[in-house]
Amino acid sequence: MTTKEATTIPTTKVVRDRLKSYGLKGDTYSDILERLMDTVDKEEFMDRMYRRLEEKDQFVSLDEI
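The structure displayed is predicted, hence computed values, not measured ones. (Residues numbered from 1 in each chain as written. Predicted model: local features only at pLDDT ≥ 70, side-chain atom pairs only at ≥ 80, totals over all residues. Heavy atoms only, no water.)

K.L.:
Would you take a moment to explain the environment of Thr12 for this structure?
P.N.:
As for its placement among the helices and strands, Thr12 is situated in the segment before α1 (13-21). Residue Thr12 is classed as partly exposed on the basis of its relative accessible area, which comes to 46%. Here the alpha-carbon distance between Thr12 and Arg52, two residues 40 residues apart in the chain, equals 39 Å. (Helix = DSSP H or I, 4+ residues; strand = E, 2+ residues; numbered from the N terminus. Buried < 20%, exposed > 50% of the residue type's maximum accessible area, 1.4 Å probe, protein only.)

K.L.:
Sorry if this is basic, but what is going on with helix α2 (residues 29-55) here?
P.N.:
Count 3.6 residues to each turn of an α-helix, and residues three or four apart come out pointing the same way. An ideal rise of 1.5 Å per residue puts 39 Å on 27 residues; α2 measures up with 39 Å between its terminal C-alpha atoms. Positive phi appears at Asp57, one or two residues downstream of α2, with a value of about 55°. (Expected span 1.5 Å × (residues − 1).)

Interpretation note: all reported values are geometric properties and have no functional meaning in isolation.
So, in structure tokens, the structure goes:
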């Protein structure tokens, strides 16, 4: 990341420290945030797909098999 691309996001020390706990050695805050957002995006996508299948009566829970 170049200096021109960098930005500052105000947050509390508690939130900053919590964010750090999600990181791996060598991760930047951007790396951590990107990974977290990717995870949320995938989960939201899967939730939308399951709801769609349920609406079409095509979804069968494993518990029902």
